[in-house]
Amino acid sequence: MADAEKNLDLMEKLVSLCKRRGFIFPSSEIYGGINGFWDYGPYGVRMKRAIEALWWHEMVETRDNIEGLDSSIICHPRVWKASGHLDQFSDLMTDCRYCKSRFRVDQMEDTAVCSNCGSRNLTEPREFNLMMKTFVGPVFDEEHAAYLRAETCQPIFVDYNLVRIATRQKLPFGVAQIGKAFRNEINPRNFIFRSREFTQMEMEFFCDGEQGLEWFEYWKAQRIKYYREKLQFSDDFFRIYEHEKLAHYAKAAIDIEVKFPFGWGELEGIHHRGTWDLSRHSEFSGEDLQYMDHDNGRKLMPTVVETSVGLDRTFLAILGNAYDEDTAATQKEGMEEDVRIVLHLPPLVAPVQVAVLPLSKKLNESAEKLNTDLNRHFRCEFDSTGSIGKRYRRQDEIGTPFCVTFDFDSAADNAVTVRNRDTMAQERVSIDQLRTYLENAIGI
RNA sequence: GCGAGUGUAGCUCAGCUGGUAGAGCAUCACGUUGCCAACGUGAUUGUCGACGGUUCGAAUCCGUUCACUCGCUCCA
């Protein structure tokens, strides 16, 4: 099978598995769906929150100089004037009906003629803006227009000084935020890779411009380490793309790209944004956002180094990387082996980390008690239906790294079998040691 | 937004030229089994994506629309 075909196949399998097993559903499905919107089901939300928690822990909780923020989704419209989102994307566009080219009206020499084919058969100019519009208050007129944030970083810049004062942070320090952002993408594509409502995990690091490039290199290294060690990405699964064309204010920018089922795609951007954002907000708000360095009596506009990740894209990358089909022994008539679908998810983000399975329904009571105990420390699931083999396969398909099987000897020897998802090997573990054993295995 | 393809049970799909719906898997119950999708018996499941038209009759033909996939386009 050709690579492209195989990859397409993988995407279809992921979409199907996600729906079937409750990871991700099309939004509003009973009404026919709505383009560019997705719902995270029971297993999906477990995993999504686990990824969020992992990022937050790595970026905020384990660092003294990064503060958290949870800003509103709707901001003052001038925020988007200052950021440039409103003007740059309020373009009037026209399409040539003949050759299908599209032009910005303000860039055309003659607004009645297609510069590509010379046709005069053009559509009426239409306004294109990627920001989602709404109205604040009950009156729906332009004076009350507002926008859902197109990225989570702008409110960080807007609140930067309040955060600094409240926390008494000195440069360099960062502010992180996880939240929804909205864009009216012309054409949402590739499952949850490009949707109109998505979650970003962003951290803006404020520093003295003289150290900007050093901090850029620092965060680049930190983020690569995170993907290698925490999400277990191998070196052939991700790559660094260095921007050749930089925004006028930026000094450096890279993207971390990963191998999605449809090809390489951006997962995270690490950008040196200079003083541009804070300068713009100073200018538009009239508020002086400069920083007073009391150590040397110097006043400066902080430089920003940004790390910006798409949570939904991380989710898709992890899923695609984890999906595997191998073969395993079966007792089905006339068959030696059968296909086994397994998600090799990193245990830290697996929706179910430990499945507790009684070997027989006769053992339900004791096994349920064990499940209740383990549930306090891990994401657990109890299942007693069907044969034990079937239950193992069910767990494989949702990526459960460990199955704990309570059997007929367990009550007597106070031990259970721990079955490994990846190797299918089993190990007898004392119930007293079980929590420690699982914590080590999961990497908590 | 343009072009192409697809849409039938939870999933994968079959339903030829119109006669009002099927398989495998999954799910559930009971029995059996006791560590890798075992077996037996039984059961549940559909506005055939939506709306409209043609027809005595539409999953099937026609139109419109919605969604998904791919290629353009877009992606601050």
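The rules behind these values
Residues numbered from 1 in each chain as written. Chains lettered and ligands numbered in written order. Predicted model: local features only at pLDDT ≥ 70, side-chain atom pairs only at ≥ 80, totals over all residues. Heavy atoms only, no water. Buried < 20%, exposed > 50% of the residue type's maximum accessible area, 1.4 Å probe, protein only. Helix = DSSP H or I, 4+ residues; strand = E, 2+ residues; numbered from the N terminus. Pairing = 2+ DSSP bridges. Polar contact = N/O pair within 3.5 Å; in protein donor to acceptor, adjacent residues only side chain to side chain. Near = heavy atom within 4 Å. Contact = heavy atoms within 4.5 Å. Salt bridge = Lys/Arg side-chain N within 4 Å of Asp/Glu carboxyl O.

Chemist: Can you walk me through the pairing of strand 16 (residues 303-310) in this structure?
Modeler: The side chains of a regular strand alternate, residue by residue, between the two faces of the sheet. Counting buried positions along strand 16 yields eight of eight residues, so the element is predominantly enclosed. Where burial is concerned, the two faces of strand 16 agree: the one with T303, V305, T307 and V309 and the one with V304, E306, S308 and G310 are both buried. Strand direction decides the pairing type here: strand 10 (residues 197-207) and strand 16, joined by eight bridges, are antiparallel. Bridge pairing in strand 16 places F205 opposite V305. Pairing of strand 13 (residues 263-274) with strand 16, which is carried by six bridges, proceeds in the antiparallel orientation. Within strand 16, the position partnered with E268 by the bridge is V309.

Chemist: Would you explain the environment of S72 in this entry?
Modeler: Within the secondary structure, S72 sits in the loop between strand 3 (66-69) and helix 3 (77-83). Take S72: its relative accessible area is 44%, and that puts it in the partly exposed class. Distance in space between the C-alpha atoms of S72 and T152 is 9.4 Å, their sequence separation being 80 residues. A polar side-chain atom of S72 sits 2.8 Å from the main-chain carbonyl oxygen of I74.

Chemist: Can you help me understand the protein's contact with RNA strand B in this one?
Modeler: Within the structure, RNA strand B sits among 44 residues, and H85, N187, S387, Y392 and M424 are positioned closest to it. With respect to RNA strand B, the backbone of F191 contributes an N or O atom lying 2.8 Å from a phosphate oxygen. Taking V339, its main chain carries an N or O atom lying 3.4 Å from a base nitrogen of RNA strand B. Elements that contribute at least two residues to the surface near RNA strand B include exactly helix 1 (3-20), helix 10 (388-397) and strand 22 (415-420). Ranked by residues supplied to the surface near RNA strand B, first place goes to helix 10 with six residues.

Chemist: Can you walk me through the side chain of H272 in this structure?
Modeler: Counting through the fold element by element, H272 comes out in strand 13. With relative accessibility at 1%, the residue H272 sits in the buried group. Leave out the neighbours within four places in its chain, and H272 touches G212, L213, F216, A250, K251, A252, T303, V304 and V305.

Chemist: Just to check I follow, could you spell out the pattern of salt bridges for this structure?
Modeler: Working definition: two side chains of opposite charge can pair if their charged atoms are close together. Evaluation of the coordinates by the stated rule reveals 24 salt bridges. Its salt-bridge partner being D288, residue K299 comes within 3.1 Å of it at the nearest N-O pair. Here K299, found in strand 15 (residues 298-300), pairs with D288, found in the loop between helix 7 (276-285) and strand 14 (291-293); they are eleven residues apart in sequence, far enough to count as distant. Taking relative accessible area as the criterion, K299 reaches 47% and is therefore assigned partly exposed. On the basis of relative accessibility, which here comes to 40%, the residue D288 falls in the partly exposed class. Residue R421 is joined to D422 by a salt bridge in which the shortest nitrogen-to-oxygen separation is 2.8 Å. Within the structure, one salt-bridge network assembled from shared partners comprises D326, R340, D396 and R419.

So, to be careful, I would describe these as geometric facts and stop short of saying anything about function.
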